Amino acid sequence: MGRRQQPETVGVLDRINNLPDSILSHILSFLPNKEAVRTSVLSTRERVHLESFWVNDYFVDDEDDYLPLYGWISTALSRGLKNIGINFINEKVPVLPTLLFTSHSLVTLTLFLHIKDDMKVPTNACLPNLKNLCLTNLAFEDGYSILKLISSCHVLEDLTIYDCCFHSISELNIHNHLLRRLILCFEHVCVRDYDYVMAIDAPSLVYFEYTGIVGKGYTLSNMKSLVKAEISISHFHEVHSEQSATQLLQGICNVQSLHLAIEAFNETFFRTRLDPKLVFHNLVELEFHSYYCYRKGVRLVEFLHNVPNLKTLILDLADGEEGLRSLPIPSCLLFHVKEIKISGVDGSKYAFEMISYFLNHAMVLEKLILKMINLLGKDELCILKKLLRLPRNSKKCEVVVH
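Residues numbered from 1 in each chain as written. Predicted model: local features only at pLDDT ≥ 70, side-chain atom pairs only at ≥ 80, totals over all residues. Heavy atoms only, no water.

Observations concerning the overall build of the protein
So, point 1. Within the protein one finds eleven helices and 19 strands.
So, point 2. Across the 402 residues that make up the protein, the buried fraction comes to 48%.
So, point 3. Summarising the internal contacts of the protein: among those between residues at least 6 apart in sequence, 69% fall at separations of at least 24.
So, point 4. Of the accessible surface of the protein, which amounts to about 20,300 Å², a share of 53% is contributed by carbon and sulfur atoms. (Helix = DSSP H or I, 4+ residues; strand = E, 2+ residues; numbered from the N terminus. Buried < 20%, exposed > 50% of the residue type's maximum accessible area, 1.4 Å probe, protein only. Contact = heavy atoms within 4.5 Å. Areas by Shrake-Rupley, 256 points an atom, 1.4 Å probe, with all protein chains shown as cover.)

Notes on the side chain of aspartate 316
So, point 1. Within the element layout of this structure, aspartate 316 appears in strand E16 (residues 312-316).
So, point 2. A relative accessible area of 12% places aspartate 316 in the buried class.
So, point 3. Of the polar contacts made by the side chain of aspartate 316, one reaches the side chain of histidine 289; its length is 2.6 Å. (Polar contact = N/O pair within 3.5 Å; in protein donor to acceptor, adjacent residues only side chain to side chain.)

Digging into a negative patch on the surface
So, point 1. Negative charge collects at one region of the surface, where Asp61, Asp62, Glu63, Asp64 and Asp65 lie side by side.
So, point 2. When its relative accessible area of 45% is taken as the criterion, glutamate 63 is described as partly exposed. (Patch = residues over 30% accessible without salt bridge, like charges linked within 9 Å, V, L, I, M, F, W, Y side chains within 5 Å. Salt bridge = Lys/Arg side-chain N within 4 Å of Asp/Glu carboxyl O. Lys, Arg positive; Asp, Glu negative; His and termini not counted. Charge placed at Lys NZ, Arg CZ, Asp CG, Glu CD.)

A short note on the packing of helix H8 (residues 296-304) against helix H10 (residues 349-361)
So, point 1. One can describe the packing of H8 onto H10 by two numbers: an axis separation of 11 Å at closest approach and a directional angle of 15 degrees. Considering the angle they form, H8 stands roughly parallel to H10. Considering the relative orientation of H8 and H10, their crossing is right-handed. Residues Lys296, Gly297, Val301 and Leu304 of H8 form the contact with H10, whose participating residues are Tyr350, Met354, Tyr357 and Phe358.
So, point 2. Its residues placed into classes, the contact of H8 with H10 shows six nonpolar, one polar and one charged. (Axes fitted to C-alpha atoms, helices over the stretch in contact; angles between N-to-C directions. Parallel < 35°, antiparallel > 145°, perpendicular 65-115°, else oblique. Left-handed = near helix turned anticlockwise from the far one by under 90°. Nonpolar A, V, L, I, M, F, W, Y, C, P; charged D, E, K, R; others polar.)

What to know about the pairing of strand E1 (residues 52-56)
In summary, the side chains of a regular strand alternate between the two faces of the sheet.
So, point 1. Both E1 and strand E2 (residues 83-88) contribute to a ladder of five bridges, which runs parallel. Counted as the bridge partner of phenylalanine 53 is isoleucine 84 from E2.
So, point 2. Traced from E1 through helix H5 (residues 66-78) to E2, the parallel crossover comes out right-handed. (Pairing = 2+ DSSP bridges. Right-handed = clockwise from strand over helix to strand, strands pointing away.)

Let's talk about the sheet that holds strand E12 (residues 217-221)
So, point 1. Strand order in the open sheet formed by three strands is E8-E10-E12, and the pairing between neighbours is parallel. Looking at the sheet topology across the chains shown, the edges are occupied by strand E8 (171-175) and E12. Strand-to-strand, the axes of this sheet are offset by a mean angle of 5 degrees, without reference to chain direction.
So, point 2. Looking at chain direction, E8 and strand E10 (residues 197-201) are connected through five bridges and run parallel. Bridged to histidine 175 within E10 is aspartate 201.

Concerning the pattern of salt bridges
So, point 1. Counted according to the given criterion, the structure contains three salt bridges.
So, point 2. One salt bridge in this structure joins aspartate 158 and arginine 181, with 3.1 Å as the shortest N-O distance. Of this pair, aspartate 158 sits in strand E6 (residues 158-162) while arginine 181 sits in strand E9 (residues 181-186), placing them 23 residues apart in sequence.
So, point 3. In this structure aspartate 158 comes out as buried when scored by relative accessible area, which is 19%.

Description of the packing of aromatic side chains
So, point 1. Under the criterion given, the structure shown has five aromatic pairs.
So, point 2. The interplanar angle of 75 degrees and the centroid separation of 6.0 Å between the aromatic rings of tyrosine 357 and phenylalanine 358 together place this pair among those described as edge-to-face. One exposure class covers both tyrosine 357 and phenylalanine 358, and it is buried.
So, point 3. A connected cluster of aromatic rings, assembled from ring pairs, spans Phe186, Tyr210 and Tyr218.
So, point 4. Just above the ring of phenylalanine 352 sits the side chain of lysine 386; from NZ or CZ to the centre is 4.7 Å. (Phe/Tyr/Trp six-rings, centres within 6.5 Å; stacked < 30°, edge-to-face > 60°. Lys NZ or Arg CZ within 6 Å of the ring centre and 35° of its normal.)

Points about the environment of valine 301
So, point 1. Note on placement: valine 301 falls in helix H8.
So, point 2. Taking the C-alpha atoms as reference, valine 301 lies 7.2 Å from proline 330; in sequence the two are 29 residues apart.
So, point 3. Residues in contact with valine 301, not counting those within four places in the same chain, are Leu324, Leu327, Pro328, Pro330 and Tyr357.

Below you can see the structure in the form of structure tokens.
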């Protein structure tokens, strides 16, 4: 008798089991949730070494359907899962598994929920090995519980918070000595849900991004390692707004590269010169955008007095006003600025005044890059010729027009 032929599935399993752990985990990470679970049932190695798990509820109709999902999440976490992402679009999601907030193996946790009810974080929440945390579209009934969770992540390096509401708190306190990247975006948070002071203590922070309305106040300390910051602030209706915005800038004054966008409806911010003591000694690159600001060209030049070592300036000319000629010349223009990039260039008198101001006073300027807005062919050619004929005091200056 001939040898009995083994079923084909056995041979397939043998080949799967012979693959390295890293390849097995990578393959499973691309499978749909159900297929990943089925496959892991076939191989004990895959169940033990699953590193990443991403789950959504696109095909879930009612609350009972979440039980299998939660079972898979808990099982994966109990077996040493390192990275998990959860994207639930259903507004009536049951309470998430407790193990999600007490895992000792998790390195990355991403939560994107559309629930209407406030999210509850267990009182014993602790993620001692978590390095990356991203929270999106969440509302916390007890804001202090999530802050406690963040503070319990002792090795956290990257924290992102998008459009989250923290109820029942007077201060949003983020204190972490290893944190290197921090992104806070409150662009779609209602003003009534933003009634607290923000306090950040992160001495290792390298990148900081903040987008949203101006809060009640800011205490940003120990940011001496900060390299790049992107700040986009708006809603200056409140009495404290200008003072709070100044506090925010004071906290990042050690930054080397700054992207600053200001939307000031009431024309209050930068109406007067910033405190002369607020000096950005390390700032070498500034990108400045402003919308609905009072005499924004003047305010920009005044702000340049606070950045004495600036080398690169990026700005736009939309909706500007005149009045630059009588202003004192910032020292950075006289001695340090080597490159200026200006977008939104049209044929307005303000545009020519601003460009002329820089060409006249940027004594070591090496390159001026102008990006014109869409104009008719003849008008664009005429403006281009006028721009290239403008006098310049830097002998090395090259004017490039796009």
